[in-house]
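Descriptive structure summary
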Amino acid sequence: MSSLAAARADNFYYPPEWSPKKGSLNKFHGQHALRERARKIDQGILIIRFEMPFNIWCGGCESMIAKGVRFNAEKKQVGNYYSTKIWSFTMKSACCKHEIVIQTDPKNCEYVIISGAQKKTEDYDAEDAETLVLPVAEDKSKLVDPFYRLEHQEEDLKKKKEAEPLLVRLQRVSDTRHSDDYAMNKALRAKLRGQKKRVAEEEAASKKIGLGIRLLPPSTEDAATAARVKFAHKFDRNRRDKRAIICSGSIFSGSSGSSKHSELESKRRKINASAASKLLVGGFKPSSWSAAAVSSKKQRRI
């Protein structure tokens, strides 16, 4: 890139008709330094990237907008809290283009939803979360009272006595685990070596039987599932064939008039038996069975 092109890319190109008396380049071109972000600057509005401070429910489509999602918001001043400015951010949700308005609250040091959405309330129990409950401002102000402070100290001592056995047990477990760092490191490295060795053996066994994936060690559930699977044996196949021959044969035992007629009859029975056998094992559809029956009837008529 030439120096002239680089200067134009950085907006530092001064055309020949420019002079210092005409001011800066932005003033010379009749534009703001923030370009499109300041298209409503005459109304006191500046376009910024606003990041959602908490999870909210959209007021238009009731979908959740997660914390940290960014929007192109219109920022403007709507008031003052003493000497601190109160800013308002107006944006449109990406899900349904619903307008959301959020303002700053300098008094409580947080954001407040004015319209277009609802804050998602996330309550939790301190005992379930295993966290400590910090005293609020009212409790801190009450600690000036000597009687309240005495009662508070008594409650703290009671909680300490209740939690002392658990804390002592946890401290002992921690001391036992971290008393010998060398032994802990040795046991951990031995465990990792054993895992790597087992993985290598499983991969070698899989390659030996021609598999491209590593097989996991056998389990009782896999053995029970495999035991429930039944495969067709030769005895079952022969039984199906004999049953198909019996079903395709005639129920009348009459003597044939000629050897040719008996030969055709035996062929017809074999054809019907094979078709019935395939039908039982799912070899072809019943439509082909009917076609085979029709062809056999034609042969018999001939």
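A brief report on the enclosed structure follows. Here the structure is a predicted model, which is why all the values come from computation and not from measurement. (Residues numbered from 1 in each chain as written. Predicted model: local features only at pLDDT ≥ 70, side-chain atom pairs only at ≥ 80, totals over all residues. Heavy atoms only, no water.)

The next thing to look at is the sheet that holds strand β2 (residues 56-58). The strand order across the open sheet formed by three strands is β3-β2-β8, and the pairing between neighbours is antiparallel. Looking at which strands have only one partner, the edges of the open sheet turn out to be β3 (64-65) and β8 (117-119). Relative to β3, β2 runs antiparallel, the two sharing two bridges. Counted as the bridge partner of I56 is I65 from β3. (Pairing = 2+ DSSP bridges. Helix = DSSP H or I, 4+ residues; strand = E, 2+ residues; numbered from the N terminus.)

On to the pairing of strand β5 (residues 84-92), then. Here strand β4 (residues 70-81) pairs with β5 via seven bridges, running antiparallel. From the neighbouring strand, Q77 faces β5, where its bridge partner is W87. In terms of strand pairing, β5 meets strand β6 (residues 99-105) through five bridges, oriented antiparallel. If you follow F89 over to β6, its bridge partner there is I102. Between β5 and β6, which follow one another and run antiparallel, lie six residues, and K97 among them has a positive phi close to 60 degrees.

This part covers the pattern of salt bridges. In this structure the tally under the stated criterion is three salt bridges. One salt bridge in this structure joins E74 and K40, with 2.7 Å as the shortest N-O distance. Of the two residues, E74 is situated in strand β4 and K40 in the loop between α2 (25-29) and β1 (46-51); the sequence distance between them amounts to 34 residues. (Salt bridge = Lys/Arg side-chain N within 4 Å of Asp/Glu carboxyl O.)

A separate point is the side chain of S206. Tracing the backbone through its elements, the reader meets S206 in helix α6 (residues 181-208). Excluding residues that lie within four positions of it along the chain, S206 makes contacts with L211, I213, R214 and L215. (Contact = heavy atoms within 4.5 Å.)

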